[in-house]
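Residue strings, one per chain:
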Amino acid sequence: MLSLVEAAEQIRSRKLSSMELTLECLARIERLNPLLNAFITVTADLALEQAARADAEISSGNWRGPLHGIPIALKDLIDVAGVRTTAGSRQFGNRIATKDAAIVTQLERAGAVIVGKTNLHEFAFGGSGIVSAFRPAKNPWEITRITGGSSSGSAAAVAAGMCIAAIGTDTAGSVRVPAALCGVVGHRPSLGMLSNERIVPLAKSFDTPGPIARTVRDAVTILNCLTAPGATKFSAGVDEPVTKLRMGVARNLRDEADPEVAGCFYGAVEALSGMVAQVSEFDLQWETPPAIRSYEIHRYHEKMLKATPELYDPRTLDRVRDTAGVSEDEYQRALRELTEFNQSVRVFDTLDVVLSPTVPVAAPRIADLEALDSPSLRQFELRYLLKNTFPFSSLWWPSVSVPCGFTGEGLPVGLQISAAPEADGVALRLAHAYEQATEWHKQVPPMAG
């Protein structure tokens, strides 16, 4: 399968047309979606129209850049005018967007081709991906396994070659967790780098869109196209040496990992140790006042809770109801406390990057999680799926997950690399260096070969 950068070069040089690539992706969707349930809505007519326009523009010498003519999928929280945005819920079963999300406007300006809207954990309120009005997405490495959530269908679609890249969203790990469990790259950017406008929120203080792609360079390419004019661009720096970087291992996020996951992580640390200036271990400390998320989630859902509670999946309904009871004063106090705590963290006085396993376990079986009651599922997600990604969301440290190996059962494992706020380029540079030194990112699920 082509990476985004490879596909972009072939389209630019007219060795490959956008129409050919788009038709190939649509054919894969038609063949694989009955197995993977990665897409809720396929926008074939829109995609073919955009691909034809891209080819005509490129033929006339008007190449807009590396996203021009590239098939991309969007998590079904992101509005596309005239297309359903369901948020994976019966609450929004007939909700047709009237305007494009800001990030869609940027994609269209860049000439991207939108092939569809991908499945997700209902309202993005979960790390497993198994709760959806449209049934769970399935992992292309083993369809009895979860993809992780909440950007479940987005990661499955990229891994299976149903699109060249996807845009997910990440509040507590919802880009990085599915990227890790599906063997692709996922990046959570720094605060405010990408716009949340006209994206269904979970908790606005922590929400951000993020790219899911086959390689780090692909993710960098997407970021460069979607950040505002004048913002920092990362392409030029991704190949710079990493020899001066000081690397820290988050010991407490590593020590509770499954042995096979820990083994893959140790291998990644060993590979990187010879590239950087310093390696040290430390225990990561963080705070996430629950009042912030609870207040923001409940405020968004309050009207639906009162008017149409029956349209939630019962497991989501339980979670949303549990967010009630936080006052405005408690919320504002929690915001201040979080800001003060984050400003007090001095990790990057002595380190440049922090490493951890992205997810402490490999992808569990869907049936095992569906057998859990609602509180047990939530506890499982927090303890085993979101445990290592949650802290960096609260700290707003940019973090990227890259493939770093496989378990004995052939399930992918992810390495998480985090950096200081606004130092996305540092995390991406080390992730790229690791990727270039290994072959894990070149592996594809057998069904996608």
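Residues numbered from 1 in each chain as written. Predicted model: local features only at pLDDT ≥ 70, side-chain atom pairs only at ≥ 80, totals over all residues. Heavy atoms only, no water.

Examining empty space enclosed by the protein
- Inspection of the entire model under this criterion finds one cavity of 30 Å³ or more.
- Put simply, the largest cavity is a space of about 60 Å³.
- Around the largest cavity sit 13 residues that line it, and Leu-77, Thr-169, Val-200, Leu-202 and Asp-207 are the ones nearest its centre.
- When the residues that make up the lining of the largest cavity are grouped by side-chain class, the tally is eight nonpolar, four polar and one charged. (1 Å grid on protein atoms, 1.4 Å probe; cavity = no way out; pocket = protein on both sides within 12 Å on 5 of 7 lines; lining within 4 Å. Points joined across faces, edges and corners; volume = space filled by probe spheres on them. Nonpolar A, V, L, I, M, F, W, Y, C, P; charged D, E, K, R; others polar.)

Notes on the pattern of salt bridges
- Scanning the model with the defined rule gives 24 salt bridges in all.
- The shortest N-O distance in the salt bridge between Arg-319 and Glu-381 comes to 2.8 Å. Of this pair, Arg-319 sits in helix α11 (residues 314-321) while Glu-381 is found in helix α14 (residues 374-385), placing the two residues 62 residues apart along the sequence.
- Here Arg-319 falls in the buried class, since its relative accessible area comes to 5%.
- Its salt-bridge partner being Glu-439, residue Lys-442 comes within 3.3 Å of it at the nearest N-O pair.
- A residue is classified by how much of its surface remains accessible, and Lys-442, at 52% relative accessible area, is exposed.
- When salt bridges that share partners are traced, they join Arg-251, Arg-254, Asp-255, Glu-281 and Asp-283 into one network. (Salt bridge = Lys/Arg side-chain N within 4 Å of Asp/Glu carboxyl O. Helix = DSSP H or I, 4+ residues; strand = E, 2+ residues; numbered from the N terminus. Buried < 20%, exposed > 50% of the residue type's maximum accessible area, 1.4 Å probe, protein only.)

Looking at the packing of aromatic side chains
- One pass over the full model with this rule turns up eight aromatic pairs.
- Aromatic pair Phe-92 and Phe-123: ring centres 5.3 Å apart, planes at 75°, arrangement edge-to-face. Remark: Phe-123 occurs in the loop between β3 (113-118) and α5 (152-159) and Phe-92 occurs in the loop between β2 (71-75) and α4 (102-109); sequence separation between them is 31 residues.
- Following the ring pairs from residue to residue traces out a cluster consisting of Phe-92, Phe-123 and Tyr-312.
- One residue, Arg-293, lies across the ring of Phe-206, its end atom 4.0 Å from the ring centre. (Phe/Tyr/Trp six-rings, centres within 6.5 Å; stacked < 30°, edge-to-face > 60°. Lys NZ or Arg CZ within 6 Å of the ring centre and 35° of its normal.)

Regarding α11
- Turning to α11, its buried residues number three or more, namely Thr-316, Leu-317, Arg-319 and Val-320. Projected down its long axis, α11 shows its buried positions confined to an angular sector of 165°, all on one face.
- The elements touched by buried residues of α11 are α10 (290-307) and α14. (Arc of directions from axis to C-beta. Contact = heavy atoms within 4.5 Å.)

Side note on the packing of α10 against α11
- At a minimum axis distance of 10 Å, the contact between α10 and α11 shows a crossing angle of 120°. By the angle class used here, α10 and α11 are oblique. Relative to α11, α10 is oriented so that their crossing is left-handed. The residues of α11 that touch α10, namely those facing His-298, His-301 and Leu-305, are Leu-317, Val-320 and Arg-321.
- Classifying every residue of the contact of α10 with α11 gives three nonpolar, two polar and one charged. (Axes fitted to C-alpha atoms, helices over the stretch in contact; angles between N-to-C directions. Parallel < 35°, antiparallel > 145°, perpendicular 65-115°, else oblique. Left-handed = near helix turned anticlockwise from the far one by under 90°.)

Describing the sheet that holds β3
- As summarised here, the arrangement of the 11 strands in space is β1-β3-β2-β4-β6-β5-β10-β11-β9-β7-β8, forming an open sheet in which the pairing is mixed. Strands with a single pairing partner mark the edges of an open sheet, and in this sheet they are β1 (39-42) and β8 (278-282). Across the sheet, the mean angle separating the axes of adjacent strands is 30° when strand polarity is ignored.
- As paired strands, strand β7 (residues 246-250) and strand β9 (residues 353-357) are joined by three bridges and run parallel to one another. Within β9, the position partnered with Met-247 by the bridge is Val-353.
- Helix α9 (residues 259-273) contacts β7, β8, β9, β10 (399-406) and β11 (412-419) of the sheet and is inclined by roughly 155° relative to β9. (Pairing = 2+ DSSP bridges.)

Structural notes on unusual backbone geometry
- With an omega of 10°, the peptide bond between Gly-149 and Ser-150 qualifies as cis.
- Note on placement: Ser-150 falls in the loop between β3 and α5.
- Positive phi, normally seen in glycine, also occurs at Phe-123, with a value near 55°.
- A relative accessible area of 1% means that Phe-123 is categorised as buried.
- Even without being a glycine, Ala-124 presents a positive backbone phi close to 65°.
- With respect to the element layout, Ala-124 can be found in the loop between β3 and α5.

Describing the layout of surface pockets
- In this structure, the largest pocket spans a volume of roughly 610 Å³.
- Along the walls of the largest pocket sit 26 residues, with Phe-125, Arg-293, Arg-378, Leu-382 and Phe-390 positioned nearest its centre.
- Ranked by residues supplied to the lining of the largest pocket, first place goes to α14 with five residues.
- Here the lining of the largest pocket is composed, by residue class, of 11 nonpolar, nine polar and six charged.
- Its volume calculated, the second largest pocket comes out at about 450 Å³.
- Lining the second largest pocket are 18 residues, and of these Leu-191, Asn-342, Leu-395, Trp-396 and Pro-421 lie nearest its centre.
- The dominant element in the lining of the second largest pocket, judged by the number of residues it contributes, is helix α12 (residues 328-344), at five residues.
- Among the residues forming the lining of the second largest pocket, the class breakdown is 11 nonpolar, five polar and two charged.

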